[in-house]
Each structure stands twice: as C-alpha cells, then as structure tokens.
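Fold and contact review
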Amino acid sequence: MKGMIKITSAIILIVVLVPGWLYASGNLPSFSPRNEVVIRAINSSLPELAKITYQKSHRVFDILRNLGIKVPYTYNEQLLKITSIKNQVIKICNTIILDQ
C-alpha cells in the first residue's frame, strides 16, 4: 500500500510539473487557436481599424512605460528591438573590421 502511494504521488507530480515546466519555458504546444491567428484574421478583414488600433495601443504602451509602469513588450516590439540591436552589432563589427 505504501509503495502505491509513492507511485501515484510520483505520477501526479509528473503530470502537474511537466506541463507547468513546459508552459513556463514556452514549449507547451497550444491546443487552442493562437493569438496571432486571431489577430491576422481581424487584420485581414478590417485593415484600417487594425492599423488605427495598433498605432493607438503602442502610443499608450509608450506613455505607460514613460510613466514607469512595467508594460511587457509585444511580439512585434521585441522583433523590432532585436532587429535594431542586430543592425547596431553589424555596424560596430564593420567599423572595427574596416578601420583596422
């Protein structure tokens, strides 16, 4: 009986901890439509409204960040930031290589 309790508790821990770990690491497969799919569908059906909403929301995010409120960056903002950092690194590397 004591062995069964250990086995069932181990199974329960695995069933609870593994999905939690996968979710926290961003590797949990989605079982529902992703946000990007819904956003793309709305953007394709109402492009003018989507453009206005996008611009206003990012303006509000910038205002909130300037006030010191932590607002997480959206996926697009993260990609733009990564691209700008990558371009800066390439520029620095090119100046180092070409100047020497």
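Notes on the structure follow. All figures in this text were calculated on a predicted structure; none of them were measured in a lab.

As for the overall build of the protein
Secondary structure assignment for the protein yields four helices and zero strands. The order of α-helices and β-strands along the protein, N terminus first, is α-α-α-α. Burial status across the protein gives 5% buried among its 100 residues.

Some points on the pattern of salt bridges
This model, assessed by the stated rule, comprises one salt bridge. Close ionic contact of aspartate 62 with arginine 65 constitutes a salt bridge, the shortest N to O distance being 3.5 Å. In this pair, aspartate 62 and arginine 65 are both assigned in helix 3 (residues 47-66), three residues apart and thus about one turn of the helix distant.

Comments concerning a nonpolar patch on the surface
Taken together, the side chains of Met4, Ile7, Ile11, Ile12, Leu13, Val15, Val16 and Leu17 make up a nonpolar region of the molecular surface, amounting to roughly 810 Å² of accessible area. In this structure, isoleucine 11 sits in helix 1 (residues 2-25).

What to know about helix 3
Side chains that are three or four residues apart share a direction in an α-helix, a result of its 3.6 residues per turn. Taking 1.5 Å of rise per residue, the 20 residues of helix 3 would be expected to cover 28 Å, and the 28 Å separating its terminal C-alpha atoms lies within 8% of that figure. Along helix 3, the residues that are buried comprise Ala50, His58 and Arg65. Each buried residue of helix 3 lies within a common arc of 60 degrees when the element is viewed along its axis, so the set occupies one face. Summarising the geometry of helix 3, the exposed residues directed more than 90 degrees from the buried face are Glu48, Lys56, Arg59 and Asn66. In the stretch just after helix 3, glycine 68 is the one whose phi turns positive, near 95 degrees.

What counts, and where the lines are drawn
Residues numbered from 1 in each chain as written. Predicted model: local features only at pLDDT ≥ 70, side-chain atom pairs only at ≥ 80, totals over all residues. Heavy atoms only, no water. Helix = DSSP H or I, 4+ residues; strand = E, 2+ residues; numbered from the N terminus. Buried < 20%, exposed > 50% of the residue type's maximum accessible area, 1.4 Å probe, protein only. Salt bridge = Lys/Arg side-chain N within 4 Å of Asp/Glu carboxyl O. Patch = residues over 30% accessible without salt bridge, like charges linked within 9 Å, V, L, I, M, F, W, Y side chains within 5 Å. Areas by Shrake-Rupley, 256 points an atom, 1.4 Å probe, with all protein chains shown as cover. Expected span 1.5 Å × (residues − 1). Arc of directions from axis to C-beta.

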